[in-house]
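Structural overview
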Amino acid sequence: MEDAISTRRNTSKIALVTGGNRGIGLEVCRQLAGNGITVVLTALDEKMGLEAVEKLNFSDVISHQLDITDASSIARLADFLKTRFGKLDILVNNAAVGGTVYLQDPVDDPVTREENFNFMDRYQRLEWLWRNSRETYDAAKECLKTNYYGTKHAIEALLPLLKASSDGRIVNVSSDFGLLRCFGGEDLRQELDDVGKLTEERLDELLDQFLKDFRAGNGVVEARGWPVAFAAYKVSKAAVNAYSRILAAKQPAVRVNCAHPGYVKTDITLHSGLLTPEEGARNVVKVALLPAGGVTGAFFEEGKELASFV
Ligand SMILES: NC(=O)c1ccc[n+]([C@@H]2O[C@H](COP(=O)([O-])OP(=O)(O)OC[C@H]3O[C@@H](n4cnc5c(N)ncnc54)[C@H](OP(=O)(O)O)[C@@H]3O)[C@@H](O)[C@H]2O)c1
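Residues numbered from 1 in each chain as written. Predicted model: local features only at pLDDT ≥ 70, side-chain atom pairs only at ≥ 80, totals over all residues. Heavy atoms only, no water.

Here we look at the pattern of salt bridges
How we decide: Throughout this description, the term salt bridge denotes a Lys or Arg side-chain nitrogen within 4 Å of a carboxyl oxygen of Asp or Glu. Think of it this way: any DSSP run of H or I at least four residues long counts as a helix, any run of E at least two long counts as a strand, and we number them from the N terminus. Each residue is placed in one exposure class: buried if its accessible area under a 1.4 Å probe, protein chains only, is under 20% of its type's maximum, exposed if it is over 50%, and partly exposed if it falls in between.
This model, assessed by the stated rule, comprises 17 salt bridges. The salt bridge involving Glu27 is made with Arg30; its shortest N-O contact spans 3.0 Å. Of the two residues, Glu27 and Arg30 are both situated in helix H2 (residues 23-34); the distance of three residues between them amounts to about one turn of the helix. On the basis of relative accessibility, which here comes to 12%, the residue Glu27 falls in the buried class. A salt bridge links Arg202 to Glu205; the nearest nitrogen and oxygen atoms lie 2.9 Å apart. Placement of the pair is Arg202 and Glu205 together in helix H9 (residues 200-216), with a separation of three residues, close to one helical turn.

Brief notes about the nonpolar core
Put simply, the test is: Here the nonpolar core consists of buried residues drawn from Ala, Val, Leu, Ile, Met, Phe, Trp, Tyr and Cys, with membership extended through side-chain atoms lying within 4.5 Å. Note on contacts: a residue pair is in contact if any heavy atoms of the two residues lie within 4.5 Å.
Judged by nonpolar contacts, the single largest core of 61 residues is most densely connected at Leu81, Leu88, Leu158, Ile170, Phe183, Leu203 and Phe210. Listing elements by their share of this core, those giving two or more residues are strand E1 (14-17), helix H4 (71-84), helix H6 (122-131), helix H7 (137-163), helix H8 (186-193), H9 and helix H11 (231-250). No other element matches the 12 residues that H11 contributes to this core. Beyond its immediate sequence surroundings of up to four residues, Ile170 is in contact with Leu91, Asn93, Ile155, Leu159, Leu162, Leu247, Val254, Arg255, Val256 and Asn257.

A short note on the sheet that holds strand E2 (residues 38-43)
Going by this rule: Strand pairing is defined by DSSP finding a minimum of two bridges between the two strands. Angles shown run from 0 to 180 degrees and are taken between the N-to-C directions of axes, each axis being a line fitted to C-alpha atoms and, for helices, limited to the stretch in contact.
Ordered in space as E3-E2-E1-E4-E7-E8-E9-E10, the eight strands form an open sheet in which the pairing is mixed. Edge positions in the sheet fall to strand E3 (61-65) and strand E10 (304-305), since each of these pairs with one other strand and no more. One ladder, built from two bridges, connects strand E9 (residues 299-301) with E10; its direction is antiparallel. When the sheet's bridge partners are listed, Glu301 is paired in E10 with Lys304. With respect to the sheet, helix H3 (residues 46-56) is in contact with E2 and E3, its orientation differing from that of E3 by roughly 170°. H4 rests against E1, E2 and E3 of the sheet, and its axis sits at about 145° to E3.

Written out as structure tokens, the structure is:
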């Protein structure tokens, strides 16, 4: 039996999903596995990863621990993949945090909450989410560390394996909150959009400046042209978008795209979203499974390619 699975693994595509134990990530794993792809479901907590694999109940889904903010955890995963598969075909960078402290427990009373949301439109739901969130410096710092630097470091470690595939793809699960229309300042918008000029070093400087401005207070964040409300999350996803475009230009052998799953009912939104995790995941998997030789350096909003990142 194990021999049969090993043979299939040698011929089938290999995908890896970060933050695969719950929410959209778990559904991405389910849908990729349903397409006959061998899936490495990674989770911060090893036990949660094993439980998620058990729940999915596919023979070709295996779990591995991964904390994208921990260099040694990333290195262990890369070693495991190299030894076991020697390549990686699809990397879905899904793991992220919200960048705020929630004033409600995400898993508290979801039924009553869901009933209340039925009477709210998208803007009322986001307004509710904002009222139940508090921005703190520590949460903002953690958000950039996880959503941007964690994603980037995972990509850097796994890039050689993606290049060993004949059709390596990276899907960075981003957000419409990372589009440049969220930034008040024209200079920042232009600098982040001009990826021909923008460097990774300059991105680091901009993110350091954001944290300094954030520490200085709300007035400064707004005056400098950063996004307001969920500021760190928006900045982290804008950085992921810019980095994806830089990487796409540098690595033509690998396709690098960003996917906004939609506004989804998961813990990160305190279950206030409009889509189910399954529907959100479909928008990500669609980008992961685009026909060979397709676009790179693009942003897909709920499955549709946008003309720009603005
Ligand atoms: N939900 C939405 O409406 C929405 C909209 C736009 C974009 N997105 C994006 O969609 C993706 C998935 O979000 P979701 O809604 O499914 O959120 P979620 O339910 O809160 O899941 C987040 C996942 O990320 C993992 N994670 C957090 N920090 C990590 C780290 N350092 N290393 C590895 N894994 C880590 C979590 O692991 P633990 O379980 O161990 O905490 C969890 O598995 C995120 O990139 C999010 O920004 C979501």
